[in-house]
Every structure is written in structure tokens, then in C-alpha cells.
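Close look at the chain arrangement
So you can see what is in the structure, the chains are spelled out below.
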Amino acid sequence: MPKGLYHKLFGTYWNPYLAVGLAGVLSALYFGATGTVWAVTGEFTRFGGHLLEGMGVDISRWAYFEMVKMEGMPWMRTDGWIVFGMLFGALITVLLGNHFKLRVPQLKRRLVQGFIGGAIAGFGARMALGCNLAAFFTGVPQFSFHSWIFMVFTAAGTYLGVKVVQTSWWRGKPNLKRVSAGKSALPGKKASRRTWQPVLGLLVLILFAAIVVHYLLAGKPLLAVAALFGAGFGILIERGQICFTSAFRDLWVSGRAVMTKALAVGMMLSVVLTFWLIQSGMAPIIKVAAPSTALGGLLFGLGIVLAGGCETGWMYRAMEGQVLFWVVGAGNIAGATFLAYAWDHLGLYDALTKGFAPINLLEEWGSWGALFGTLAMLLCWFLLASWWEKFYRFGRGLQVEKPRLVPGKAAGKHQ
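Read on for an overview of the structure. (Residues numbered from 1 in each chain as written. Predicted model: local features only at pLDDT ≥ 70, side-chain atom pairs only at ≥ 80, totals over all residues. Heavy atoms only, no water.)

**Considering the packing of aromatic side chains**
For any two aromatic rings, the description comes down to two numbers: the centre-to-centre distance and the angle of the planes. For the coordinates displayed, the defined rule picks out 31 aromatic pairs. A centroid spacing of 5.8 Å and a plane angle of 45° characterise the contact between Phe136 and Trp381, whose relative ring orientation is tilted. In this pair, Phe136 sits in helix α7 (residues 133-137) while Trp381 sits in helix α19 (residues 367-391), placing the two residues 245 residues apart along the sequence. Pair check on accessibility: Phe136 and Trp381 agree, each one buried. Ring plane angle 55° and centroid distance 5.8 Å describe the contact between Trp387 and Phe391, whose orientation is recorded as tilted. A residue pair is termed a helical-turn pair when its members lie 3 or 4 positions apart in one helix, as Trp387 and Phe391 do in helix α19 at 4 residues. On the basis of relative accessibility, which here comes to 35%, the residue Trp387 falls in the partly exposed class. (Phe/Tyr/Trp six-rings, centres within 6.5 Å; stacked < 30°, edge-to-face > 60°. Helix = DSSP H or I, 4+ residues; strand = E, 2+ residues; numbered from the N terminus. Buried < 20%, exposed > 50% of the residue type's maximum accessible area, 1.4 Å probe, protein only.)

**With respect to the packing of helix α8 (residues 146-165) against helix α12 (residues 244-253)**
One way to put it is that α8 packs onto α12 with a least axis distance of 9 Å and a crossing angle of 55°. The angle between α8 and α12 falls in the class oblique. In terms of crossing hand, the pair formed by α8 and α12 is right-handed. Across the interface between the two elements, Met151, Thr154, Ala155, Thr158, Tyr159 and Val162 of α8 pack against Phe248, Arg249, Trp252 and Val253 of α12. Split into classes, the residues belonging to the contact of α8 with α12 amount to 7 nonpolar, 2 polar and 1 charged. (Axes fitted to C-alpha atoms, helices over the stretch in contact; angles between N-to-C directions. Parallel < 35°, antiparallel > 145°, perpendicular 65-115°, else oblique. Left-handed = near helix turned anticlockwise from the far one by under 90°. Contact = heavy atoms within 4.5 Å. Nonpolar A, V, L, I, M, F, W, Y, C, P; charged D, E, K, R; others polar.)

Just geometry here; none of it tells us what the structure is for.
Right, here's the structure in full:
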């Protein structure tokens, strides 16, 4: 491969509009190939169920595990291979681009905070029956109204999260360390990484390819398809640095809206393709719209800001070697598993979900009404984000200034 092309693919990050747009197209194609959607937290819940079973806990009568269907082990499920594939895809591109480096937060309290944030996000995601993927990025193109409820309350949750992380008690005291002159060997270390990381990346790629071929030869093409799509998603989230946390959080912190607008564009593409697939006979996946959707979105938004990353964000950052996000992932699984317990044992289903129904916009608005209505709402979101980016000023909020006359020009009019 030419060095210039290799550098563009693996040395520099991709334009977010390109990466998110491709993710939108890929998610629609995955729906067309399997009849299900790109999602991860449902599988995280199952991971927790397997851990409980390994500790001797009987989960056979837990209503939530019956709903998400604990069938087989993760490597026997398409959802499992979406997760594994994403980790493989992200790790391969990280290694090929020489970006892997073990990093531990200087403030060890960040590990505790990351776990807490991850647990809150995992709990909220499963309460809403989906995270930033199934209840948002892939939920909107399915024309499920619950996704819009989740999106609005996630935005509100991230605003609350920003207020929390800006407090002095959350930030703690900075851990300042003197950098000694003996650290000048860093360039040599970087050069050594150039030697082994691409080689290891190639070996991981070969291993992944062997797994895909194994499933094809074993007569399990759906698992191979899920693994390939998962790897595609992993490559895109890592190369595009796709993180839903930054898409919302940056609005409240700096007004930056690049990722927010990119997500709107990616979903527009996915909406059009998904609509065509549904019109061709595929059944959309519609989730219940209930108070649990709103509360789950609020908790999810709060949690991802406290953790510093959403479900896509922590996965590729963990593959980059950031230890904090391994802890965030563990928190996600813990929170999702606790929700599975609270669903019926603590009465959350009866209190917040029972009696509410799924709302299919295709049925409520008609097919074409749902298509153009959804596209119009996404366009409004894009335009609102653009407006916000133009007028938001860090520390001062919205500053919509009126046009002022330049003194020299004003004086000239009276001469």
C-alpha cells in the first residue's frame, strides 16, 4: 500500500461526517442483512447474566433476562459478535496506526468515577431498552417514537452531567508532577512502537479473518456477517472518533457541534435506506415509549458524562489502551445487570413501563409522513446545532448579539 494512502487511512483521523455517514449506511445494511439493529448494551446485560450464572445465581426466572433471551454463549449470538467485532475492528486500526499506549489516569479517583458513570449509563440504557445506538442512532431510522424521547432526555442528562463534573469536589486537586530531563527517550519509544504495532495489528487481522472463515465453513453465516459488520463499526468509531458523549457534552461546554451535526447527517442517510428496506417487506423494530424511556435517557446522559464516554466511545478508547475505559465498560455491565434485577425484583417495570405501548411513526403518520417528518426533525436538529455553535460562548451561554454600527461609518452618514 502506498505510504500516503496508508497514512490517510491509519495515521490521521477521518472526517466525522464521512465516518458517521458510513456508520449510518452500514447500520441500515446490517438491518437488511439480519433483521436486527446495531446495538451493544443488550449484550452487556447478557454478559452480566453469564457472570451471575458463573457465581451460582439462578437467573432463569428473571423477567428481563427472559425478555433479552439468554440463549447460548456470547460467541454463539450475532449480538455477541457485534461487540467482539467492534473491539477487533477498533484494535486493528489502533495498532496499524501506532496509536496504542497504556494510559492510567493520574488521579486514581477517576477510576472510581468512571465505574460509577459507566454503571449509571448502563442502568439507564437498559431501563430505556437501548443506549445511544438502539435507542437513538439506529432507533430513529426504525421510526420508533421512543428514540426521540430518549434523545431529548439524554441531552438533558448530559447537561446535568456537565454541571456535576465542573464542580471542584468532582474534579479534585490536580496531580502535578515534574517532568525530568531524563524523559527525552520518548522519540525512541515511539519509533519502537512503529516496529511492533503494525505487525501485531496484521496478526490480529489474520486471526479475525480466520474466525470469520471458520463460521462460514461451519455453516453459521449470520455469525460471520455479524462479526464483519461489527468490525466495520469498530473501524468507523475509532477512525472517526465517534462519541455521542462529545456530541452532547460539547454543546454545553464549548458550543462545538461538529459531531452533533455529523450524527444528524448519518441518521438521515440511515433513515432513507431503512425506509426502503421496510417498504420492501422488513419489519421495523419498535420499542415501548414510557416514563422508563425518559428516565433511562436522563440517567444515560448523566452517566456518559460522568464516565467520560458513551458505549461507542469507551469501546474504542479501551482498545487505544486507556485503562479508565476498561473500568467504564465494567461499570456498564454492572449497571445493566443491576437493572435486570431491579426490573421485576424492585418493581421498576410495574412502576415505569407496564401499560405503555410501542409507538410506530409509520403507523401514526403514514409511511411517507413518517419518512419526511423524521427527515424534517433531523434537519431541524442540524440547523439548531449550527445556530447553537454560532452563538454559544463558553462561560457566558448564548450571546445573540445585535448588529452594531461601526463608529466611522456611522459618522460618515451624517457628513
